[in-house]
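# Per-entry structural report
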Amino acid sequence: MPAEPPIDTPRTLFEAYELLAAGPTRPIAGATDVMVQITGELGPIPERLLDLSRIGELKGIDLTGDGLLVGAATTYTDMRRSALCREHLPALVAAAATIGAAQIQNRGTLGGNIANASPAGDTLPVLLAADAVILVGGQRGEREVSAGEFFTGYRQTALAPDELILQVRFPLPVGRQMRFRKVGTRRAQAISKVVLALAWRDLGPRGWADVRVALGSVAPTPIRASGSESVLEGARPTPQVADRAAETLAGELSPIDDVRSTADYRRAVAARVLHRLLRDAGGW
Ligand SMILES: Cc1cc2nc3c(=O)[nH]c(=O)nc-3n(C[C@H](O)[C@H](O)[C@H](O)COP(=O)(O)OP(=O)(O)OC[C@H]3O[C@@H](n4cnc5c(N)ncnc54)[C@H](O)[C@@H]3O)c2cc1C
């Protein structure tokens, strides 16, 4: 195993920004991704590490008029135990519950999942389906980036090297419903082959509005499936609509074959998952 780089452990954001501006350093929160990269020698070893886990400003879950606010260094265990998350964003809790096992959930963070930007990151479709906004900051100030604009390419993000993810804001529009489903080789401790988050608002006779169909593990970045969203917008989840939405989804995805799955399997399973969620929503 390569030598562990020196670690700075700031207690405030101010200190963290100074360390980040001082020279090359790699932020870590739970280090569940970074330590695997270091010990597995996957890429260059960072010169220094910047441990964010002691910065209270990056932790916590709060409900405000703007929505549910989740600090970047909030762990999956914190999200699973949070009454606010369970009440207002159960899809995020469902995603957190599928990530690794207890050890990973105790250390792994929402901000780490976002910055790592794996196409298989399980929380990322929830962010897209929820129209989440990511607050980032550094010595130059703070700015907000929508989840839809954050993932710019394979493992690439809109985050600048001197910026940290501070918080994620999940708007909570009245009447929105959301469902999450992950498909892996087994129910736990598996990287996803397909992950899907579906969101909508039910306007009764006027059908569904603000439909979001967001997926992971089927493209270089987490994506929204605009074709199937159009099928569902203004419609109701009848068997015919579900058939059409699922068929459209299969047609609009271009996944790849890799060690975890084949493109054909991913396409077929994504369509089945959407169909199943629509069937549940329609109660048939
Ligand atoms: C055994 C195992 C199982 C796993 N299972 C899953 C799974 O089922 N689903 C899944 O999605 N992931 C899984 N992971 C991956 C990992 O646990 C998650 O991505 C986790 O959320 C990473 O969070 P972290 O705090 O540990 O990130 P770290 O390893 O600390 O950091 C990850 C990346 O984010 C950056 N970073 C962290 N925090 C910030 C911040 N606030 N601002 C800017 N950059 C930041 C780091 O520089 C690094 O590039 C698994 C990992 C392991 C080892």
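Residues numbered from 1 in each chain as written. Predicted model: local features only at pLDDT ≥ 70, side-chain atom pairs only at ≥ 80, totals over all residues. Heavy atoms only, no water.

## Some thoughts on the layout of surface pockets
Roughly 250 Å³ of volume is contained in the second largest pocket. Lining the second largest pocket we find Arg181, Lys182, Val183, Gly184, Arg187, Val269, Arg272, Val273 and Arg276. In terms of residue count, helix α12 (residues 263-282) provides more of the lining of the second largest pocket than any other element does, 4 residues in total. Looking at the lining of the second largest pocket, its residues break down into 3 nonpolar, 1 polar and 5 charged. (1 Å grid on protein atoms, 1.4 Å probe; cavity = no way out; pocket = protein on both sides within 12 Å on 5 of 7 lines; lining within 4 Å. Points joined across faces, edges and corners; volume = space filled by probe spheres on them. Helix = DSSP H or I, 4+ residues; strand = E, 2+ residues; numbered from the N terminus. Nonpolar A, V, L, I, M, F, W, Y, C, P; charged D, E, K, R; others polar.)

## Some words on the domain arrangement of the protein
Segmentation of the protein into domains returns domain 1 (1-172) and domain 2 (176-282). The straight-line distance from the C-alpha centre of domain 1 to that of domain 2 is 25 Å. Contact with domain 1, which involves 24 residues of that partner, is made by 22 residues of domain 2. Summing both sides of the interface, domain 1 and domain 2 together bury roughly 1800 Å²; the carbon and sulfur share of this comes to 64%. Of all residues in domain 1, Pro119, Pro125 and Ala129 give up the largest surface area on contact with domain 2, accounting jointly for 27% of the area buried on that side. Our enumeration of links across domain 1 and domain 2 arrives at 2 salt bridges. Two residues, Lys182 and Asp122, come together in a salt bridge whose shortest N-O distance is 2.7 Å. Those elements that provide at least two residues to the side of domain 1 that touches domain 2 are α5 (90-97), α8 (124-129) and β8 (151-153). No other element matches the 5 residues that α8 contributes to the side of domain 1 that touches domain 2. Grouping the constituent residues of the side of domain 1 that touches domain 2 by class yields 17 nonpolar, 4 polar and 3 charged. (Domains from an automatic or database assignment. Contact = heavy atoms within 4.5 Å. Buried area = accessible area lost by both parts, 1.4 Å probe. Salt bridge = Lys/Arg side-chain N within 4 Å of Asp/Glu carboxyl O.)

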